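These are the residues of each chain, in order.
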Amino acid sequence: MLVVKKFGGTSVANKERIYNVANRCIEEYKKGNDVVVVLSAMGKYTDELIEKAQDINENPPKREMDMLLTIGEQMSVSLMAMAMAKLGVPAVSLNGFQVAMHTTSVYGNARLKRIDCERIKNELEQRKIVIVTGFQGINKYDDYTTLGRGGSDTTAVALAAALHADKCEIYTDVDGVYTADPRKVKSARKINEITYDEMLELATLGAGVLHNRSVELAKKYGVELVVRSSLNTNEGTVVKEGKKMEKMIVSGVASDSDAARVAVVGLKDEPGVAFKLFNALAKNNINVDMILQSVGRHGTKDISFTCSSLDADDAARIINDSMEFESIDVNKEVSKVSIVGAGMQSNAGVAAKMFEALYDANINIRQISTSEIRVTVLIDAKNTERAMNAIHDKFDLGEN
């Protein structure tokens, strides 16, 4: 059996935890299984590298940032291989270049294109544990690229798919996927099983347990995921196709504080204006969501949308350079709060119940966006935790 195990930064934050992970992997290895381990950078090391870069240059070139940030994972995998060697088990560390994890050329947010598996297979045949850097790859220029924050999850799922692994386990500092962030909602409970679609929505909407692109890949290639804690042996949450899932109308509540609202007032009310605006943003790799367009009056209309708070100022500059309008407003003091559940498709009144919870808590809604299994509202950032708790209680998602 081939098992891929991914461990996050908190799981390898220090010597004690590195040896804890090494022992868990060796335990799997001694069952006779092939083991591939994917690691993130130790603790908050990526944040420390970002701080070092900004101390040198507050707006560093993205290529050079990727060159710098790949150091973190390379340190983790080499130290882990040393720990396993000390414990008497053969292991080898490989970076994105040595494996040959081919990506697109977008520095800072590259997408995996293909993985050359020969090196990994050769090492496994020699009965070594193979330890691979998460979060990184190489582009057509032979430059290092990174896959975006949380990208080690995507590395693990991609490897599991490419190697036809029997299991892909994502280890973190929590016991699994919860109905809400247990640090913000005390009554949150662990979910035993969740569908790919629900997990994808939660991951995209701010639930930090899994990288959203890893869930996309898992669904596409049928990789069954298990999210579990590296600090204990409790059963985790299984993420798989929707069969015999828990019968819940709403599976979870998520929040995303990395949001900004950009409102463009007084655009011409004529065909092609929305295309021109969003095309300009797309050409600059700025992702937008929660788009709202007003009814045209007096020959003008207003368009507002949300994007990452890091992209908001760039978005305003791009719009300013390419559009005619009366005014533009950027508000970074907002957050998105969402409910997700496959059961919402066949149950009326779910959105109204969410809005009632926010009304009861005296929280104003600035914008609304929906899909078949999701309702998202934009609110003032200061109300985020209060909103999550109010919604969680209204849908009775806590422990029974």
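Details of the structure are given in the entry above.
What counts, and where the lines are drawn
Residues numbered from 1 in each chain as written. Predicted model: local features only at pLDDT ≥ 70, side-chain atom pairs only at ≥ 80, totals over all residues. Heavy atoms only, no water. Salt bridge = Lys/Arg side-chain N within 4 Å of Asp/Glu carboxyl O. Buried < 20%, exposed > 50% of the residue type's maximum accessible area, 1.4 Å probe, protein only. Pairing = 2+ DSSP bridges. Helix = DSSP H or I, 4+ residues; strand = E, 2+ residues; numbered from the N terminus. Axes fitted to C-alpha atoms, helices over the stretch in contact; angles between N-to-C directions. Contact = heavy atoms within 4.5 Å. Core = buried A, V, L, I, M, F, W, Y, C linked by side-chain atoms within 4.5 Å. Parallel < 35°, antiparallel > 145°, perpendicular 65-115°, else oblique. Left-handed = near helix turned anticlockwise from the far one by under 90°.

Caption draft 1: Main features of the pattern of salt bridges. Evaluation of the coordinates by the stated rule reveals 26 salt bridges. The shortest N-O distance in the salt bridge between Arg 114 and Asp 116 comes to 3.8 Å. Judged by its relative accessible area of 48%, Arg 114 falls in the partly exposed class. Look at the salt bridges and you will find they share partners, linking Lys 5, Glu 28, Lys 167, Glu 169 and Arg 228 into a network.

Caption draft 2: Expanded view of the sheet that holds strand 12 (residues 237-240). Spatial ordering of the open sheet is given by 3-6-2-1-9-11-12-10, a layout of eight strands whose pairing is mixed. Each of the sheet's edge strands pairs with one partner strand only, and the pair in question is strand 3 (91-94) and strand 10 (193-195). Looking at each pair of strands side by side, their axes are set apart by 20° on average, direction ignored. Here strand 10 pairs with strand 12 via three bridges, running parallel. The residue of strand 12 that forms the bridge with Glu 193 is Val 238. Against the sheet, helix 3 (residues 62-86) engages strand 2 (34-39), strand 3 and strand 6 (129-133), with an angle of about 165° to strand 6.

Caption draft 3: Highlighting the environment of Val 132. Position of Val 132 relative to the elements: it lies in strand 6. On a C-alpha basis, the gap between Val 132 and Gly 341 in space is 34 Å, while along the polypeptide they are 209 residues apart. Beyond its immediate chain neighbours, meaning those up to four positions away, Val 132 contacts Val 36, Val 37, Val 38, Leu 39, Val 77, Leu 94, Val 99, Met 101, Ile 120 and Leu 159.

Caption draft 4: Representation of the nonpolar core within the structure. Counting 42 residues, the largest nonpolar core has Val 36, Ile 120, Val 132, Leu 159, Cys 168, Met 199 and Leu 210 as its most contacted members. Ranked by residue count, the leading element in this core is helix 6 (residues 151-162), at six residues. Apart from residues lying up to four places away in sequence, Leu 159 is in contact with Val 36, Val 38, Met 101, Ile 115, Ile 120 and Val 132. Listed in part, the 24 residues of the second largest apolar core include Ala 188, Val 250, Val 337 and Ala 387.

Caption draft 5: Spotlight on the sheet that holds strand 17 (residues 367-371). The six strands are arranged 14-15-13-16-18-17 in an open sheet whose pairing can be described as antiparallel. Taken across any chain shown, the strands that pair with only one partner, and hence form the sheet edges, are strand 14 (288-293) and strand 17. Across the sheet, the axes of successive neighbouring strands diverge by a mean angle of 30°, strand direction being ignored. Note: strand 13 (residues 252-268) against strand 15 (residues 300-307), seven bridges, orientation antiparallel. Directly across from Ala 263, in strand 15, lies its bridge partner Ser 304. Across the sheet, helix 12 (residues 384-394) is in contact with strand 13, strand 16 (327-340) and strand 18 (374-380); its angle to strand 13 comes to roughly 120°.

Caption draft 6: Geometry of the packing of helix 9 (residues 273-283) against helix 10 (residues 312-322). Across the interface, helix 9 lies against helix 10 with an axial gap of 10 Å and an inter-helix angle of 130°. In this view, helix 9 runs oblique relative to helix 10, as classed from their interaxial angle. Considering only the axes of helix 9 and helix 10, their crossing is right-handed. Counting all contacts with helix 9, which are made through Lys 276, Leu 277, Ala 280 and Leu 281, the residues of helix 10 involved are Ala 315, Ile 318, Ile 319 and Ser 322.

Caption draft 7: The pairing of strand 6, seen in detail. Most of strand 6 is tucked away, with five of its five residues classed as buried. Alternating positions in strand 6 separate into two faces, Ile 129, Ile 131 and Thr 133 on one and Val 130 and Val 132 on the other, with burial throughout. Alignment of strand 2 against strand 6, held across four bridges, turns out to be parallel. By the bridge assignment for strand 6, Val 38 is matched with Val 132. Where strand 3 meets strand 6, four bridges bridge the pair, whose relative direction is parallel. Of the residues in strand 6, the one forming a bridge with Ser 93 is Ile 131.

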